[in-house]
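Fold and contact review
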Amino acid sequence: MEAFIAVTFSFPTVLFTVLLAVAVIYWLISLVGLVDLDGGGDADLDLDASSDMGGLMVTLGLQGVPLPLVLTLLFLGAWLTAYFADLMLGSLFGAGWGHILFGLVVIPLALVAGLLATAVLVRPLRPLFRRAYKRPLEKQIIGAGCVVLSFNANKGQGRAEVHRDGAHLILKIRSDASLARRDRAVLVEYLPEHQAYWVVTEAEFLAGSSG
């Protein structure tokens, strides 16, 4: 037990001990309801490959699960690596500068080992979070083409049909364009206060895209 405590709170393991302790405290607070776990997961929902963080997560294979869980697994993997490296090899470098240099080498190696372990561990966990990470339908169909079924130009509203992934959807639409039945348009924005979609004509959309 003394050896365990000594290694746990000695350099370099102590760095990961602190990080792991912070992660454990976070989960303990979450269990008593003081932290919104869903909110923590939602922070990752909008990450995509075009952002630096999203691209890094995808590259490392860490996407699809909440960031707090990823960090916890990373800290745990790094802590285990640093602990056993120090336990088995630390005594060979003494207690002075030699041990400090040893620790400086162990830290990046422990982080790499933690990343590799986390990438493996999150794979079977992704299905558990797939539903939470599924984008709402309102966001999924933005940019989709539609066919106008009816439109009242005076009120600027009507209905349109959209075919998406085999589903046939009838949606309420709004627009300041002069639309007629069977005109093609594109959904560009969801208007939650009206539970409708703002649309522009397909020609206007393509002209804007090409410009």
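Our structure is the block above this text.
Here's what I pulled together on the structure shown here.

Cut-offs applied
Residues numbered from 1 in each chain as written. Predicted model: local features only at pLDDT ≥ 70, side-chain atom pairs only at ≥ 80, totals over all residues. Heavy atoms only, no water. Helix = DSSP H or I, 4+ residues; strand = E, 2+ residues; numbered from the N terminus. Contact = heavy atoms within 4.5 Å. Areas by Shrake-Rupley, 256 points an atom, 1.4 Å probe, with all protein chains shown as cover. Salt bridge = Lys/Arg side-chain N within 4 Å of Asp/Glu carboxyl O. Pairing = 2+ DSSP bridges. Axes fitted to C-alpha atoms, helices over the stretch in contact; angles between N-to-C directions. Phe/Tyr/Trp six-rings, centres within 6.5 Å; stacked < 30°, edge-to-face > 60°. Buried < 20%, exposed > 50% of the residue type's maximum accessible area, 1.4 Å probe, protein only. Core = buried A, V, L, I, M, F, W, Y, C linked by side-chain atoms within 4.5 Å.

Our next topic: the overall build of the protein. In terms of regular secondary structure, the protein is built from 9 helices and 5 strands. Each helix and strand of the protein, ordered N terminal to C terminal, gives the series α-α-α-α-α-α-α-α-β-β-β-β-β-α. Within the protein, residue pairs in contact and separated by at least 24 positions form 56% of the contacts whose partners lie at least 6 positions apart. For the protein, the accessible surface area stands at approximately 13,000 Å², while carbon and sulfur atoms represent 65% of it.

Right, let's get into the pattern of salt bridges. Tallied over the full model, the rule gives 2 salt bridges. The salt bridge involving Glu-161 is made with Arg-182; its shortest N-O contact spans 3.6 Å. With Glu-161 in strand S2 (residues 157-164) and Arg-182 in the loop between strand S3 (167-174) and strand S4 (184-191), the pair connects residues that are 21 residues apart, well separated along the chain.

Moving on, we get to the sheet that holds S4. Each strand in a sheet pairs with its neighbour through backbone hydrogen bonds, running either in the same direction (parallel) or in the opposite one (antiparallel). The 5 strands are arranged S1-S2-S3-S5-S4 in a closed barrel whose pairing can be described as mixed. Strand-to-strand twist across the sheet, computed as the mean angle between neighbouring axes with direction ignored, equals 50°. Where S3 meets strand S5 (residues 196-201), 2 bridges bridge the pair, whose relative direction is parallel. Residue pairing for S5: Ile-173 is matched across the bridge by Tyr-197.

With that out of the way, let us pick up the packing of aromatic side chains. This model, assessed by the stated rule, comprises 7 aromatic pairs. Where Tyr-26 meets Trp-27, the ring centres are 5.2 Å apart and the plane angle is 80°; that geometry is what we call edge-to-face. Note on Tyr-26: relative accessible area 22%, which makes it partly exposed. Judged by relative accessible area, which is 26%, Trp-27 ranks as partly exposed. With a centroid separation of 5.2 Å and 15° between ring planes, the pair formed by Trp-79 and Tyr-83 is classed as stacked. Remark: Tyr-83 and Trp-79 occur in helix H5 (residues 67-89); sequence separation between them is 4 residues, near one turn of the helix. What makes Trp-79 buried here is its relative accessible area of 11%. With relative accessibility at 9%, the residue Tyr-83 sits in the buried group. Among the aromatic residues, those joined into a ring-pair cluster are Phe-4, Trp-79, Tyr-83 and Phe-84.

As a further point, take the environment of Pro-66. Tracing the sequence through the fold places Pro-66 in the loop between helix H4 (52-60) and H5. Relative accessible area serves as the criterion here: at 11%, Pro-66 is assigned to the buried category. Through-space distance from the C-alpha of Pro-66 to that of Arg-126 is 9.6 Å; in sequence the pair is 60 residues apart.

So, on to the nonpolar core. Counting 16 residues, the largest nonpolar core has Ile-173 and Leu-187 as its most contacted members. When contributions to this core are tallied by element, the ones reaching two or more residues are strand S1 (145-152), S2, S3, S4 and S5. Judged by nonpolar contacts, the second largest core, of 15 residues, contains Phe-16, Trp-79, Tyr-83 and Ala-110.

A separate point is unusual backbone geometry. In this structure, Pro-12 follows Phe-11 across a cis peptide bond, with omega equal to 10°. For Pro-12, the location among the structural elements is in the loop between helix H1 (2-8) and helix H2 (13-31). Here the phi dihedral of Arg-182 falls at roughly 75°; this positive angle occurs in a residue that is not glycine. Judged by relative accessible area, which is 47%, Arg-182 ranks as partly exposed. Phi is positive for Gln-195, which is not a glycine, with a value near 50°.

Note that every value here comes from positions in space, so none of it alone points to a role or purpose.
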